[in-house]
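# Structure assessment
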Amino acid sequence: MLTTHALVLAIMLFCIGLVGLLSRRNILYMLLSLEIMLNAASLAFIAGGARWGQADGEIMFLFILTLAAAEVSVALGIVLQLSYRFKTLDADAFSEMKG
Amino acid sequence: MLRLLWLIPALPLAGFLVLALFGGRFSRRQIVWVGCGSVGTAALVTALVGADFLRGFPDRPSYHQTLWNWIDTSGMTVGVSWYLDALSLLMVAVITGIGFLIHLYSVEYMSGDDGYARFFAYMNLFLAAMLTLVLADNLPLLYLGWEGVGLCSYLLIGFWYREPEYGAAAQKAFIVTRIGDTAFAVGLFILFTQLKSLSIQQVQTLAADAWPVGSNLAVIVAVLFLAGAVGKSAQLPLQVWLPDAMAGPTPVSALIHAATMVTAGVYLIARMHRLFELAPPVLEAVAVIGLLTLLLAACSALVQRDIKRALAYSTMSQIGYMFLALGVGAWSAALFHFLTHSCFKALLFLAAGSVIHSLRHEQDIFRMGGLRRQLPLTFWTFLIGAAAMSGVPFITSGFYSKDWILWSAWSSPLSHRWIWFGALLGTLLTGLYSFRLIFRVFFGEVRTPPSGAPGVAMLVPLVVLAFFAVTVGFLELPRTLGDLPLFSQYLSHVLPTIETIPGMDESVEAHEQIAVTCSALLGIGLAAVLFLPRANVADRLAGTSLGRTLLPFWQGGWGFDRMYDGLIVRPWLHLTRESGEIIDRCYESLVVAAESFHGWLSRTQTGHVRWYAATVAVGALVLLGLFAM
């Protein structure tokens, strides 16, 4: 029962994150949405680990946490550079590599 | 000493490699030492090996040497292995001996040329390939040499590559001989698939066991081999390349297109004689091809203006004699004519080359004349060569070899009387065209004054070859004149001796010889009447209506070039141009499709991160959906 609730919550969080990623134009908000999606995935792993009584879920959570920290540090650096170059945070303005 | 056999082809090959890699940095003297030295050493080694071989002859009729395995797959082993017997020793001796003399001659003849190192590199490569051809123990190795000499012929005809027409002549020679080579290769494949062997000696034994005389397979393979021989030896119907091949430097014409490469076809047929004996109709075809070529080429030789083209047609005609001899089963006679021909024809080419050299590359005999006093040594050597070619009796080698062939054509059970009559007409024409050159070039008034006489390096080969052009004939004297069958005894361990039909005794042979002699002398006499400048009947003959139709026809080699041009070249070019449109459109549509597809795909690359994220999400969904199904 707990697992089902946790998974439903994870799905909802994931969808919120996805919708936020696709609809927001500010790149900072897009990063926030990404974090929400990562957390949704972590929650699903935790729920799975609790369901089968295995440590794997928590280990995966630790990995995702590390990954998210690394990602944010790199991404914020890029955002900083982008805001210097383009004087804006609008993601649609950064379309230099159009095919 | 016999173990040194591998050195004979290896030395010229080494010479080629050295000249090809470092020739640009060498001085002229160094190039000469490498280019001539390698061939000279090969000739010396040949002499040593030959002496050793003949000491054990005929108790040990052949010597076999395998160096390494070239191809070794299941069911097929091809070694780099040499086979020395009486036939290949004869070929090797001629190739290295005359090859060395011609190299020596080239030292001076080519001295003013920029491509000195390139010339000697190609010549050395040619000799290596030619020696591989004649020494090969198996057919693939022989084929390697066969293609190698074709390549060198191409490279040397187009040696002066800045002239577009020389390049065209080189391509023509390459493509026309390639037709024969393809047939030869197909024949080789059939032999291998049928008999599972490629060793020259073994495969013929197997063929003689497996195929009865006149069986289909034997005839097919023999025809394919004959096509290869015909292409290489410039016989009908693949003879069109040889006159154009005269675009190359004169030493090349002497070495490749007179003395050695063009006789490779004769060698091939003699080497595969047991196969050809299984196919009597093909053997008859060989004789007929030889007869036709010798007559057609003799007529063409009679009317050429270019001295080298005239000699080229005479070469075709003389090789026609060899084919005729092979066809009537006179194997040894064919090779005897090969021996004498390579001496006197190399001599004629080199003498013609010294005339051309002295006249600053003038080749038109109508602008020559009166050179008898200006170039006496050239005149005498050319005279000896022409006399040997027309078969002046008793004193020249050409008389003995040609007489042997004609006697075989008369007495062989494989021959017909009309073949003999055709060949007799050929001797008359030979006398005519040989002495036409003499009378046009060396008699009469001086038209172009020579600019200096040839030097020692050119005269020594002329004198040596003139000596041989006279003396090699004494290796085989007929029954009626001394009876000394040295040459036929020597070759009898490789090639079967000729049979004669009964009733052919010495008195018949003597009568036949008188007829041949009269015919040759009549030809020379006619030449004197027709072409001596004082009489000048030929010009009046050329002015008649018959002369005006025949002259251009014969000069153009009986219209073969025009026929091939109309039948094959033009339709083919037309076809490529017409169908080219359609094929091009196929490829163009491919381009259009690729371009539109590319444009379509590149539109998805918007550069918007959110769009990429959306596609990733959709893609993930689609994949999940696929897995769920």
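Everything numeric in this text was worked out from a predicted model, so none of it was measured.

### Looking at the layout of surface pockets
Residues and elements named next belong to chain B.
- As a volume, the largest pocket reaches approximately 620 Å³.
- Lining the largest pocket are 22 residues; nearest its centre among them are L89, L90, A93, V94 and L339.
- If you list the elements that add at least two residues to the lining of the largest pocket, you get α2 (28–55), α3 (86–109), α15 (331–358), α20 (456–471) and α21 (486–491).
- In the lining of the largest pocket, the residues fall into 18 nonpolar, four polar and no charged.

### Things to note about the side chain of B:S342
- The residue B:S342 is located in helix α15 in this model.
- With sequence-adjacent residues up to four places away left out, B:S342 is seen in contact with B:V94, B:I98 and B:A259.

### Here's the deal with helix α19 (residues 417–442) of chain B
- Under the 1.5 Å per step criterion, the end-to-end length of α19(B) is 38 Å for 26 residues, consistent within 8% with the ideal 38 Å.
- For α19(B), the buried fraction is high: 22 of the 26 residues fall into the buried class.

### A few points about the pairing of strand β2 (residues 76–85) of chain B
Residue and element names in this part refer to chain B.
- Within β2, eight of the 10 residues are buried, which leaves it mostly tucked inside the rest of the structure.
- For strand β1 (residues 62–73) and β2, the ladder comprises 10 bridges, and the chain directions are antiparallel. For Y63, the partnering residue across the bridge sits in β2 and is L84.
- In this antiparallel pair of consecutive strands, β1 and β2, the connection spans two residues, and G75 shows a positive phi of 85°.

### Examining the packing of helix α1 (residues 2–23) of chain A against helix α2 (residues 27–52) of chain A
Residue and element names in this part refer to chain A.
- Two elements in contact, α1 and α2, have axes whose closest approach is 8 Å; the angle formed by their N-to-C orientations is 165°. With respect to their mutual orientation, α1 and α2 come out roughly antiparallel. Judged by the sense of rotation from one axis to the other, the crossing of α1 with α2 is left-handed. Two secondary-structure elements touch here, α1 through T3, A6, L7, L9, A10, L13, F14, G17, L18, G20 and L21 and α2 through M30, S33, L34, I36, M37, A40, L43, A44, A47 and R51.
- Among the residues making up the contact of α1 with α2, the classes are represented as 16 nonpolar, four polar and one charged.

### Structural notes on the domain arrangement of chain B
- Here chain B is partitioned into domain 1 (2–563) and domain 2 (580–628).
- For domain 1 of chain B and domain 2 of chain B, the distance between their C-alpha centroids amounts to 66 Å.

### A short note on the interface of chain B and chain A
- Contacts between the two partners involve 11 residues from chain B and, on the opposite side, 13 residues from chain A.
- Here chain B packs against chain A, burying approximately 930 Å² in sum over the two surfaces, 59% of which is carbon and sulfur.
- The largest contributions to the chain B side of the interface with chain A come from B:G607, B:H608 and B:R610, which together make up 53% of the buried area.
- Its salt-bridge partner being B:R610, residue A:D92 comes within 2.8 Å of it at the nearest N-O pair.

### Some remarks on the environment of B:E277
Residues and elements named next belong to chain B.
- Within the secondary structure, E277 is located in helix α12 (residues 273–277).
- Note on E277: relative accessible area 32%, which makes it partly exposed.
- Apart from the residues within four sequence positions on either side, E277 is in contact with V213, W331 and P496.

### Considering unusual backbone geometry
Residues and elements named next belong to chain B.
- In this structure, the amide linkage connecting L236 to the following residue, P237, adopts the cis form with an omega of -5°.
- Although it is not a glycine, A234 adopts a positive phi angle of roughly 55°.
- Of the residues examined, A234 reaches a relative accessible area of 0% and is grouped as buried.
- Notably, F394 is not glycine yet its phi reads approximately 70°, a positive angle.
- Counting through the fold element by element, F394 comes out in the loop between α17 (376–390) and α18 (397–411).

### Section: the packing of α18(B) against α19(B)
Residue and element names in this part refer to chain B.
- One can describe the packing of α18 onto α19 by two numbers: an axis separation of 8 Å at closest approach and a directional angle of 160°. With respect to α19, the axis of α18 lies roughly antiparallel. Here α18 and α19 pass one another in a crossing that is left-handed. Two secondary-structure elements touch here, α18 through K402, L406, A409 and W410 and α19 through R417, I419, W420, A423, L424, T427 and T430.
- Classifying every residue of the contact of α18 with α19 gives seven nonpolar, two polar and two charged.

### Describing empty space enclosed by the protein
Residue and element names in this part refer to chain B.
- Applying the stated criterion to the full structure yields three cavities of 30 Å³ or more.
- Roughly 130 Å³ of volume is contained in the largest cavity.
- In terms of lining residues, the largest cavity is bounded by 16 residues, among which Q239, Y313, M316, G557 and F560 are the most central.
- Those elements giving two or more residues to the lining of the largest cavity turn out to be α13 (280–301), α14 (307–327) and α25 (560–602).
- Top contributing element to the lining of the largest cavity by residue count: α13, with four residues.
- Looking at the lining of the largest cavity residue by residue, the classes come out as nine nonpolar, five polar and two charged.

### A few points about a nonpolar patch on the surface
- A surface patch of nonpolar side chains, amounting to about 710 Å² of accessible area, comprises B:M563, B:L567, B:I568, B:V569, B:W572, B:L573 and B:L575.
- Turning to its location among the elements, B:I568 is positioned in helix α25.

### A closer look at the packing of aromatic side chains
Residue and element names in this part refer to chain B.
- Following the criterion strictly, the structure yields 28 aromatic pairs over all chains and no others.
- Measuring from centroid to centroid gives 5.5 Å for F439 and F443, while their planes differ by 75°, and the two rings are edge-to-face. Across the pair, exposure class does not vary: F439 and F443 are buried alike.
- Through a chain of ring-to-ring contacts, three or more aromatic side chains come together here, namely F379, W380, F382, F435, F439, F442 and F443.

Analysis parameters
Residues numbered from 1 in each chain as written. Chains lettered and ligands numbered in written order. Predicted model: local features only at pLDDT ≥ 70, side-chain atom pairs only at ≥ 80, totals over all residues. Heavy atoms only, no water. 1 Å grid on protein atoms, 1.4 Å probe; cavity = no way out; pocket = protein on both sides within 12 Å on 5 of 7 lines; lining within 4 Å. Points joined across faces, edges and corners; volume = space filled by probe spheres on them. Helix = DSSP H or I, 4+ residues; strand = E, 2+ residues; numbered from the N terminus. Nonpolar A, V, L, I, M, F, W, Y, C, P; charged D, E, K, R; others polar. Contact = heavy atoms within 4.5 Å. Expected span 1.5 Å × (residues − 1). Buried < 20%, exposed > 50% of the residue type's maximum accessible area, 1.4 Å probe, protein only. Pairing = 2+ DSSP bridges. Axes fitted to C-alpha atoms, helices over the stretch in contact; angles between N-to-C directions. Parallel < 35°, antiparallel > 145°, perpendicular 65-115°, else oblique. Left-handed = near helix turned anticlockwise from the far one by under 90°. Domains from an automatic or database assignment. Buried area = accessible area lost by both parts, 1.4 Å probe. Salt bridge = Lys/Arg side-chain N within 4 Å of Asp/Glu carboxyl O. Patch = residues over 30% accessible without salt bridge, like charges linked within 9 Å, V, L, I, M, F, W, Y side chains within 5 Å. Areas by Shrake-Rupley, 256 points an atom, 1.4 Å probe, with all protein chains shown as cover. Phe/Tyr/Trp six-rings, centres within 6.5 Å; stacked < 30°, edge-to-face > 60°.

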